[in-house]
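Structural characterization, general
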Amino acid sequence: MLSAFTARPIVELKQRDKSRIESVLAYGDRLLIGLNTGSLRIYRVNDLSEIPDEQPEGGDNGSGEDDPRPKVRVVDLLREEEKFSRRPIQQLAIIKEANILVSLSDYYVSIHDLQTFALQERLERTKGATLFAVTSNIVKDEETGIPSIVSRLAVAVKRRIILWSWHDMELSGEAAEITLVASVKSLSWATGTKLVAGMDPGFVIVDVDTSEVVDIVRPGASGETPVRFGAVSSAGMGYMGMGSWVPKPMSTKLGDGEMLLAKDVNTLFIDADGKPLEKRQVPWLAPETLGYSYPYLLALQPPAKGTLEVRNPDSLSLLQAISLPNASILHVPQPNISLAHAGKGFLVASDRCVWRMSALDYDSQIDELVSQQLYDEAISLLGQLEDTLLHDKTGRIREIKMRKAQGLFEKRKYRDALYLFSDAAAPPARVVSLYPKSVAGELSTVEEPREPEEPEAQDDAEGDATTPVKGSPSLKPTAAPAATPSKSMFSRLRAADKKPEPDAASVRSLKVDSDAASIRSKAAEPDRPLEGKDLMIAVNELCAFLAQARVQLPKIINYDGSLKTPLPPPNEREEGYVPPFHHWIVRSSDDEEVDWEKKLFEVATLVDTCLFRAYMLARPALAGSLFRLDNFCDPAVVRDKLYESGRYGDLIDFLHGKKLHREALELLKKFGQDEAGEDVNPALRGPQRTVGYLQQLPPQHVDLILEFAEWPIRVDQKLTMRVFLADSENAETLSRERVLDFLQGIDMRLAVRYLEHIIYELNDATPDFHQRLIHWYLQRLKQKDDKPSGIGVPDFDSDEERADWQGRLEKMLRSSGQYNFNRVRIQLPDDDPTFFESRAIVLCKMKQHRQALQIYVFQVEDYQKAEDYCNHVHLLESPNNATTSVTDEPEDSSPSIYHTLLSLYLTPPPPHKPNWPPALDLLSKHGARLPASSTLDIIPAQLPVKELESYFRGRMRSANSMMNEERIEARLRGVEKVAVDAQLLLGERARKAIVREDMLCSVCHKRFGQSAIRVYPDSTAVHYGCVNRGKVGGESRRAWA
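Residues numbered from 1 in each chain as written. Predicted model: local features only at pLDDT ≥ 70, side-chain atom pairs only at ≥ 80, totals over all residues. Heavy atoms only, no water.

The line we're drawing: UniProt positions are given in the numbering used here, feature names are shortened, and annotations may be inferred rather than shown by experiment.
Per an unreviewed UniProt entry, the protein chain goes by the name CNH domain-containing protein and belongs to Trichodelitschia bisporula. Among the UniProt annotations of the protein chain, the heading Sequence similarities (unreviewed entry) holds the following wording: "Belongs to the VAM6/VPS39 family."

1. Re the overall build of the protein chain
Which entries qualify depends on this criterion: Secondary structure counts use DSSP, requiring at least four H or I residues in a row for a helix and at least two E residues in a row for a strand, with both numbered from the N terminus. Burial status follows relative accessibility: with a 1.4 Å probe on protein chains alone, a residue under 20% of its type maximum counts as buried, one over 50% as exposed, and anything between as partly exposed. Every residue pair with non-hydrogen atoms within 4.5 Å of one another is taken to be in contact.
Of the regular secondary structure elements, the protein chain holds 33 helices and 32 strands. Split into buried and exposed, the 1041 residues of the protein chain put 43% on the buried side. Long-range pairs, those at least 24 residues apart, make up 54% of the contacts in the protein chain with a sequence separation of at least 6.

2. A look at the sheet that holds strand 1 (residues 5–12)
Here is the rule we go by: A pair of strands is labelled paired if DSSP reports no fewer than 2 bridges between them. Note on geometry: axes are lines fitted to C-alpha atoms, helical ones only across the stretch in contact, with angles between N-to-C directions running from 0 to 180 degrees.
The sheet built from four strands is open, its strands ordered 1-28-27-26 with antiparallel pairing. What marks the edges here is a single partner per strand, and that holds for strand 1 and strand 26 (329–331). On average, each strand axis in the sheet is inclined to that of its neighbour by 25°, with strand direction left out of account. Of the strand pairs in this sheet, strand 26 and strand 27 (residues 346–349) are connected by three bridges, and their pairing is antiparallel. Paired with Ile329 across the bridge in strand 27 is Ala349.

3. A look at unusual backbone geometry
Note that the residue after Tyr294, namely Pro295, is joined by a cis bond; omega there is 0°. Mapped onto the elements of the fold, Pro295 is located in the loop between strand 22 (289–293) and strand 23 (296–300). Cis geometry is found at the peptide bond from Pro910 to Pro911, where omega equals 10°. Relative to the elements of secondary structure, Pro911 occurs in the loop between helix 30 (897–906) and helix 31 (916–926). Non-glycine residue Asn763 carries a positive phi angle of around 55°. The residue Asn763 is located in the loop between helix 23 (748–761) and helix 24 (767–781) in this model. The phi dihedral of His1005 is positive, around 60°, even though this residue is not glycine. Its location among the elements puts His1005 in the loop between helix 33 (949–986) and strand 31 (1013–1015).

4. Observations concerning the environment of Arg825
Condition: Definition of a polar contact: a pair of N or O atoms within 3.5 Å, with one able to donate and the other able to accept a hydrogen when the atoms are protein atoms, and with sequence-neighbouring residues admitted only if both atoms are side-chain atoms.
As for its position among the elements, Arg825 is in helix 26 (residues 821–827). For the pair Arg825 and Arg839, spaced 14 residues apart in sequence, the C-alpha to C-alpha distance is 6.3 Å. Not counting residues up to four positions away in its chain, the partners in contact with Arg825 are Arg839, Val842, Leu843 and Met846. A distance of 2.9 Å separates polar atoms of two side chains, one belonging to Arg825 and the other to Asn822.

5. A few points about helix 3 (residues 393–410)
For clarity, the cut-off: What a helix should span is 1.5 Å times the count of its residues minus one.
Here helix 3 spans 26 Å end to end across 18 residues, near enough to the 26 Å set by a 1.5 Å rise per residue. Turning to helix 3, its buried residues number three or more, namely Lys393, Arg396, Ile397, Ile400, Lys401, Met402, Ala405, Gln406, Gly407, Leu408 and Phe409. Lining the buried residues of helix 3 we find helix 1 (362–371), helix 2 (375–384), helix 4 (414–423), helix 5 (428–432) and helix 10 (532–552). Just downstream of helix 3, Arg412 is the residue with a positive phi angle, here 65°.

Below, the structure is given as structure tokens:
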């Protein structure tokens, strides 16, 4: 039980005093006691902290027995008003703002001065009064908004309730009167303007401002007629045969705008408007008096029992029962307008004694509940207390929830425990530590069992045959301990009825640790080990907890260990600074300076690593979704687990995600070359998986790419070349010089293929690459079949392959301009017919057209190629000519390329002779491009004019065509000039302006409707009448369409 309050008697009537206590009132350091004789005794209550517990309490009259030591009294009697009333004083209250004392005696309510206790007025209208209720509240004026203190006095006179009110210190207005259906037996203020009145027929709520009376009905089934709570119905047992005794209705105000109504053993919780709340009945015997001392519900049992019950109003649990003989009066000082906890010290009185209830501080109360493992009560109490009354309220609630969750876990209620851990935002380390090493690793608090020592082997042969391997989960004899974990280990671990994994098989009991602030768990007594089915259930619940934590952590920390939001510098932090994510971290008491970033990264690593272990243990299929994405997993743990379980493909994916590329490539090489000697997936054999991995690596890992690309390229060149030739950013941004040197060392043909790719596909204009490609073309083409290559490349397999390389060389010479022309010309043999055309292409690049044409005419003797060469050069030199049949070439211009070719036909150098047929064919086809003066000069005189007919006809047609074209162009330009002049002079007439219904005038901003409009040249429309009234667009418009 809780020891929230301690009863201390402060006033005890002497035996010779025949008076009886009828009422008590406490305010400030004053205690007023009303006696049955009508006397009022006024005491001063001393500070209880100055009085030792063993000090005897003070008497009621100032006279004490002889004692050499001075006594420190709890209370001092200041005075006694013997003629305060002629009858017993039944009730006392004060209205502090008005400085008055209100008393009920002889069925009248009287007003006294609070300082002198002199009678000021007896309220005659209260004749027959049985009780009253007082309240004080702060009310803001509706008009001015100025706050004022309004006090109200409600007096129950049979069926009537008479009301008086004070604004600040002055009585306002006449007394109001409200009549109910029966005599009022109890009164309580629900708010500053609403009263709860208890009667024999039940409870009602009264609005003192509007005089509205509303029945408080108990909740019932749908369709039933509402019944007032507390009413005595004929359907019930009634109180027949009990001397017509009817239980007294009681009510008390609780916190958060709630009230408790009670009649006999029946209770009802309502809000400030009288609406019933969904709460169960209070499990008690019928109390004598109700009260509320923040934050507890008080119930005083009948005097015959003499017990004060202290309950939690939220859970309704009995927390403390205090024995107070013959106690019948419960007085809780009115909190008035102060904090709700101001009345935590209350009084209980019998007819001869008054006890003051001293409250234990709230932190100690919480500690006591926690020590008794009453976690729900502690959490409920913390939820009702204000933050200022506790040290770190949020932290206390969180810690208690975690302790409760730990207790549920020990009771094997794993789902409830993990849900509560999640609700309390428990540090993952604290939760994980409850699991065995197979899940928690070194953080586990589950101690392993000590294996009995093995008896000494009688002989080697017998020991080898019968001695089990140490740490084995079973006692079956084995031939010899395995050197490495077998791949069937994971399947054995999954089944509860099969042998568990060695690290999980050792789970037997929980380690006891008394440090509640650490992550160590505390077991009350040894329990069965967490294994088999229980382990699977617990791990499944842990997966959900860790998965939720894994979603939240990346919002705080990056995968490289840096925080999303940097912390302030140490010199700018306040004392005791903790970051917003401090609840993720378990702090020890000796941690003075914490590296928050490092600690949080450790937590993230723990979460992902333990989640991986849990998945591998309970849900292996889900493990891939964890490590294929960015994660904080410990690489060593994941690597070992995946390798042991034979999930090599997943291991490669994990190493790639962790950027452990060398380790991954070494494994792929081992599997690809079948060096592992293990049963691996066929997809991992061969170079394909390695090539795919290399393609994913960024360019900064070029050293690694070239190192591990060597073995697959020797196995499958076409496949491996995808690493360098693929249409991807990684392949295109690799260091081309490094790749080229690497490929050249493997096979020159691969280097040629790579150069062709970067030159033709990627448009690389590096001169060195172009020069090297041409050099390698020539080097291979010039090698002879009967001589070794010298470059490590075999000779051509066929003439088609040689022709292909020859064509690739000529294509490169023709399309590229980034190589050294003179250097290549020197490399080309003069006497090898294979390179005649290649030399012509290079000479063309060098603008030495006559030499190039000499090769076509005299060495190759291909006149069509010579003509094609001329056409090509002519197009390059005259890019504006669309066709080759018409040209405008003045007679005195330099000779054209066709003139050069004609001269080689007609006046060749010795020992060659003139060649008339191709010369006449050239004159026939391209005579228009041959100037007449220079052409006729080289034509021999003995050539008949008839042979030149086609040449002259072409020249004349070309001249006529040019003249006609000029005439047509001049006419067309004249027509265009007329159209432009007309447009400038007359302007555009065929224009339109669209005016919609929702458009507004730019001047008056009204709709156009059916009004006449005028339109600006920019199509802006305005009313016709608004033309001269304003400006549109900031400028006056003068031009109109």
